[in-house]
Amino acid sequence: MQLFDAHSHMHMGPRGLEALLESFPHVMEEQSSPQHSFRFAGAAIMSTVPADYRTVDSVVSGLRMRGFQAVPCYGIHPWFLHDVLSSSSRQLDWLVEDLQQNLIDHPDAIVGEIGLDGSRWVEVKRESHYHQSTTTSQEEESIWKRERVLACPMDLQRKAFEEQLILAVELQRPVSIHVVNAWGELFAAFDNVCARMKDKQLIMGKEQRRRRSSSSSSSRRSTTKLLPPKIYFHAFSGKVGTLPSIIAACKKGHVASEDIYFGFAPAIPNFNSAKTPLIMKEIGMKQLLLETDLEDATTAMDDLIHGVSKISNALGMEESEVARQTVENAYRFYCHEGLTYGSSVSRFLPECECEDGH
């Protein structure tokens, strides 16, 4: 039974790329012993900053050369957005342009990991001034007081998130989204992106009508999406009651419920919450993905198997069926209109059927 890691950061691992890649048994090797009933099928490699992109490419190539399936994912994670912008003269517009070019150069890539985080706090020093009387003179002294602030201001997170979402819509790429204590901000961002896309499509429609000959025949139109075609909420931290709002927000952007996916990473504390099985059951098997969210790939199989066991117990299913269905779910999610088959561009999803017939 094969297991696919839908959200991995193995390119950030501490042990070197070759050691990480060689830690997995090759898919073509004979594995008849009971402990090898599960096999590693591949992974989606999620970048966090632009400096990751080439390393992601290297890991994806290394996995594919060994017969595994791999998906490159490019995006700017909210945890590191402020550091990226403050440590470089490059502005957000340039970073988005760079992301766009990487996505164009890699038709098999998706946008990720991007998102919003309302819980990533850092302590900073705040200076306050006061006058202190002494027996000799009054001196102005500075006292540093500490305060907690978001690692990246939410307004900057929102701007970067929305720009990356719009890019995913325009290129019709799926997205992997990180959301922690920011669901209200997420819904507001979705609404803003939908409004912006409507305006863009209105302008484009007017231009097309001006160019269209009055004698031209009508052609079939596909649904115009206002949000990315497929959305994956990685390491889901919401409650059961949040799910209807998420589905409704996605549907407003013309994203079908079957194109909305959720993952739960054993490395994240909420995985062990008593409420997690209830959330999994509410989501349903066809919308769940296995993920590790790990940097050290040598421990990934343990977490993937743990994920299978968790879903199996929550939904009352055989582990073999969970493994089969999660791989199928990953194939459906990562299959998109930009994929090119029959070339070296993509060795992922060779039998996947996308909306455009690929």
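Residues numbered from 1 in each chain as written. Predicted model: local features only at pLDDT ≥ 70, side-chain atom pairs only at ≥ 80, totals over all residues. Heavy atoms only, no water.

S.K.: I keep staring at the packing of aromatic side chains and nothing clicks. Help me out?
M.R.: What describes a pair of aromatic rings is the distance from one ring centre to the other and the angle between the planes of the rings. Applying the stated criterion across every chain, the model contains 14 aromatic pairs. With a centroid separation of 6.4 Å and 35° between ring planes, the pair formed by Trp183 and Phe187 is classed as tilted. With a gap of 4 residues between them, Trp183 and Phe187 both fall in helix 6 (residues 183-211), about one helical turn apart. The exposure class of Trp183 is buried, given its relative accessible area of 14%. (Phe/Tyr/Trp six-rings, centres within 6.5 Å; stacked < 30°, edge-to-face > 60°. Helix = DSSP H or I, 4+ residues; strand = E, 2+ residues; numbered from the N terminus. Buried < 20%, exposed > 50% of the residue type's maximum accessible area, 1.4 Å probe, protein only.)

S.K.: Help me out: how do you make sense of the layout of surface pockets in this one?
M.R.: If a probe as big as a water molecule is rolled over the atoms, it shows which places are left empty. In this structure, the second largest pocket occupies an estimated 310 Å³ of space. Where the lining of the second largest pocket is concerned, the elements lending two or more residues are helix 3 (78-86), strand 4 (110-117) and strand 7 (175-180). No other element matches strand 7, which puts 3 residues into the lining of the second largest pocket. Considering only residue class, the lining of the second largest pocket consists of 7 nonpolar, 7 polar and 4 charged. (1 Å grid on protein atoms, 1.4 Å probe; cavity = no way out; pocket = protein on both sides within 12 Å on 5 of 7 lines; lining within 4 Å. Points joined across faces, edges and corners; volume = space filled by probe spheres on them. Nonpolar A, V, L, I, M, F, W, Y, C, P; charged D, E, K, R; others polar.)

S.K.: For this particular structure, what's the right way to read the packing of helix 6 against helix 7 (residues 243-252)?
M.R.: When two helices pack together, their arrangement is given by the angle between their axes and by how far apart the axes lie. Between helix 6 and helix 7, the least distance of the axes is 9 Å, while the angle of their chain directions is 15°. Considered as vectors, helix 6 and helix 7 are oriented roughly parallel to each other. Classified by chirality, the crossing of helix 7 by helix 6 is left-handed. Each of Trp183, Phe187, Phe190, Asp191 and Cys194 in helix 6 lies in contact with helix 7, whose residues at this interface are Ser245, Ile246, Ala249, Cys250 and Lys252. Residue composition of the contact of helix 6 with helix 7, by class: 7 nonpolar, 1 polar and 2 charged. (Axes fitted to C-alpha atoms, helices over the stretch in contact; angles between N-to-C directions. Parallel < 35°, antiparallel > 145°, perpendicular 65-115°, else oblique. Left-handed = near helix turned anticlockwise from the far one by under 90°. Contact = heavy atoms within 4.5 Å.)

S.K.: How do you make sense of the environment of Gly253 when you look at a structure like this?
M.R.: Residue placement: Gly253 occurs in the loop between helix 7 and strand 9 (260-264). Note on Gly253: relative accessible area 0%, which makes it buried. Beyond its immediate chain neighbours, meaning those up to four positions away, Gly253 contacts Cys194, Lys225, Leu226 and Leu227.

S.K.: What exactly am I supposed to notice about the state of the cysteines here?
M.R.: As enumerated under the stated definition, the model contains 0 disulfides in all. Sulfur of Cys194: no disulfide; nearest cysteine sulfur belongs to Cys250 and is 9.1 Å away. Residue Cys194 is classed as buried on the basis of its relative accessible area, which comes to 7%. (Disulfide = S-S within 2.5 Å.)

S.K.: How should I be thinking about the environment of Met46 in this particular structure?
M.R.: Mapping Met46 onto the fold places it in strand 2 (residues 39-46). Of the residues examined, Met46 reaches a relative accessible area of 0% and is grouped as buried. As a C-alpha pair, Met46 and Met10 span 36 residues in sequence and 8.5 Å in three-dimensional space. Ignoring sequence-local partners within four residues, the contact set of Met46 consists of Ala6, His7, Ser8, His9, His11, Cys73, Ile110, Gly112, Glu113, Ser176 and Tyr334.

S.K.: Would you mind showing me how to read the packing of helix 3 against helix 5 (residues 154-171) here?
M.R.: In contact at an axis separation of 10 Å, helix 3 and helix 5 are set at 100° when each is read in the N-to-C sense. When the axes of helix 3 and helix 5 are compared, the pair comes out roughly perpendicular. Facing Pro78, Leu81, His82 and Leu85 of helix 3, the residues of helix 5 in contact are Leu156, Gln157 and Ala160.

S.K.: Any chance you could explain the confidence of the model for the chain here in plain terms?
M.R.: In low-pLDDT segments, the atomic positions of the prediction should not be examined closely. Looking at the chain, pLDDT values average 84 and 77% of them are 70 or higher. Within the model, pLDDT remains below 50 along residues 138-143, and this stretch shows 19 contacts once partners closer than five positions in the same chain are excluded. Predicted confidence for residues 340-347 stays below pLDDT 50, and this span has 21 contacts to residues more than four positions away or in other chains. (pLDDT = per-residue confidence, 0-100.)

S.K.: Just to check I follow, could you spell out the sheet that holds strand 4 for this structure?
M.R.: Sheet strands associate in pairs through backbone hydrogen bonding, adopting either a parallel or an antiparallel arrangement. In spatial order, the strands read 1-2-3-4-7-8-9-10; together these 8 strands make up an open sheet with parallel pairing. Every interior strand has two partners, whereas the edge strands, strand 1 (2-8) and strand 10 (288-290), have only one. Going from strand to strand, the sheet's axes swing by 25° on average, the running direction of each strand aside. In terms of strand pairing, strand 2 meets strand 3 (residues 69-74) through 5 bridges, oriented parallel. (Pairing = 2+ DSSP bridges.)

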